[in-house]
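As a plain string of letters, each chain reads:
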Amino acid sequence: MNNTFFAMFAVLFSASLKHNGVRGFSTLATASRATPSSSDAGQTALRMATGGRVSSAVKDQDLLNKTSKGKNKKQVKMDTNPPRGTRDFYPEDMRMRNWLFDHFRQVANLHGFVEYDSPVLESEALYTRKAGEEVTDQLYNFVDKGGRPVALRPEMTPSLARMVMAKKGGLPLPLKWFSIPQCWRYERTTRGRRREHFQWNMDIWGVPQETAEVELLRAMVTFFQRVGLTSEDVGIKVNSRLVISEVLTELGIPENLFASTCVLIDKLDKVPIDAIQGELNELGLERSVVEKLLEVLTNNSLESLKIALGEESQAVKQLERFFELAEAYEIADWLILDASVVRGLAYYTGVVFEAFDRTGELRAIAGGGRYDKLLETFGGDPTAAVGFGFGDAVIVELLKDRGLLPSFDASGIDCVIFAMTDDLYGSALKVASKLREAGLSVDIILENKKAKWVFKHADRIGAKYCVVVGAEEYAKGEVSIKDLSEGKQESVKIEALAEWAKGI
């Protein structure tokens, strides 16, 4: 009885499909060639009737229940926030970002730097140095589908080193490169600190003298000045890693522990010495070593450093030369000698520096230094190199605090064009093309809208002019143009639009 039922069902199913214009289906004879088992009767009959495979929908006997229940199931509302520590960039945010990046690029170009970039996804091994740096613990890292350990870049310098190594000495030195990469670190978010940020990087390779450091800081100061900041707003702390190296040598600490010790000392700016006691023990360092270091690092003048390190100290000579050059470059009033600045990355080898908000409200604005041995850690030859990273988040907060951040409400659109009637839309397109060819940014109204709406729209987006294509004016070869800031209106010949555009 079951077999007969399914066979009949197949005939009806096939007839229904044919009735609705579906071609290529079997007849009753096809459906009745074989007698299916009772367990597969329904699926077999349907398969034979349609001349093909059984769909997953047919196989799923509980499909009706699932779909009917789904209709009543309440959809989970999507979380519209971006992942924690990241940002969306709406049009006004993009205008601000572009404004900032334009300043970065212009300053870099003024100082003879050229732009480069690299993948945001890098090999994890590029960042997993063994010096206890925070960056190693803050990686966004994973194993890709090919089984390779990779990471989103937390900083740009290792990528630059990889690119230089890839050329196998083929790059002419010195090189002056800059980039504005997006970097990722999984860290606690605070004001001016996010898990993703953009960073202006400026680097000079192939120059061992302090002239390179001073050139970079001149560029940094130029940026500050261009956005309205002064040396009363921002200071730049300067030190040399040689200071710590000389003290550690005097205390009998082996050179292979210097970098790790510098990383620990940098942490003391955030935590008390007791908090790093365990790490000191792992390195085999006595607490007295750090205390002696801290005693030296409280010296904030070249004279006191000379007393602590001696007249022949290479660290003192290096810093003296640096400050002489800074004086000649007219940036000395921005600089402060601060022997406690060591920076938290293990690869620094010489002068290090850090730009800061003089009110103390914000974290470091920028930082960098010399890293002559970085290439060597990747298996290359030691190469003189120095650079800085300058994040986009803190500087924006500082400019907001000082009231120096411009408004980015205006879209930058010069003209809004609209046709008074549908039959004039083609004419409005021609007018728009003429103004765009003249270099203006033009927004043409794509729908049939009333004049009142158009003028409100133009005002909302901050357009400067509204160009009206009306029947009477167009018949005379003219358009009506309203200056939205002054409220004045004039008629302009269509063939003279290019000249009009030059004069605004």
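See the structure printed just above.
Cut-offs used in this document
Residues numbered from 1 in each chain as written. Predicted model: local features only at pLDDT ≥ 70, side-chain atom pairs only at ≥ 80, totals over all residues. Heavy atoms only, no water. Helix = DSSP H or I, 4+ residues; strand = E, 2+ residues; numbered from the N terminus. Buried < 20%, exposed > 50% of the residue type's maximum accessible area, 1.4 Å probe, protein only. Contact = heavy atoms within 4.5 Å. Phe/Tyr/Trp six-rings, centres within 6.5 Å; stacked < 30°, edge-to-face > 60°. Pairing = 2+ DSSP bridges. Axes fitted to C-alpha atoms, helices over the stretch in contact; angles between N-to-C directions. Parallel < 35°, antiparallel > 145°, perpendicular 65-115°, else oblique. Left-handed = near helix turned anticlockwise from the far one by under 90°.

**Concerning the overall build of the protein chain**
Scanning the protein chain for helices and strands turns up 21 helices and 17 strands. Evaluated residue by residue, the protein chain yields a buried proportion of 45% over its 504 residues. Intrachain contacts of the protein chain at a sequence separation of at least 6 include 66% that bridge at least 24 residues.

**A word on the packing of aromatic side chains**
The tally for this structure, following the rule as stated, stands at 23 aromatic pairs. Ring geometry for Phe322 versus Phe323: centroids 5.3 Å apart, planes at 90 degrees, classification edge-to-face. Comparing Phe322 with Phe323 shows no difference in burial state: the two are buried. Centre to centre, the rings of Tyr347 and Tyr371 are 5.6 Å apart; their planes meet at 65 degrees, and the pair counts as edge-to-face. Of this pair, Tyr347 sits in the loop between β9 (335-337) and β10 (351-357) while Tyr371 is found in the loop between β11 (366-370) and α16 (374-377), placing the two residues 24 residues apart along the sequence.

**Details of unusual backbone geometry**
Cis geometry is found at the peptide bond from Leu173 to Pro174, where omega equals 0 degrees. Non-glycine residue Lys168 carries a positive phi angle of around 50 degrees. Mapping Lys168 onto the fold places it in the loop between α8 (157-166) and β5 (175-179).

**Here's the deal with the sheet that holds strand β2 (residues 121-123)**
The strand order β2-β4-β3 describes an open sheet built from 3 strands, whose pairing is antiparallel. The open sheet has two edge strands with one neighbour each: β2 and β3 (140-143). Strand-to-strand twist in this sheet, taken as the mean axis angle between neighbours without regard to direction, amounts to 35 degrees. Note: β2 against strand β4 (residues 149-152), 3 bridges, orientation antiparallel. Note that in β4 the partner of Leu121 across the bridge is Leu152.

**Regarding the packing of helix α10 (residues 241-250) against helix α15 (residues 314-328)**
Two elements in contact, α10 and α15, have axes whose closest approach is 8 Å; the angle formed by their N-to-C orientations is 170 degrees. By the angle between their directions, the pair α10 and α15 is classed as roughly antiparallel. Crossing of α10 against α15: the hand is left-handed. Only Gln314, Ala315, Gln318 and Leu319 of α15 make contact with α10, whose side of the interface consists of Leu242, Val243 and Glu246.

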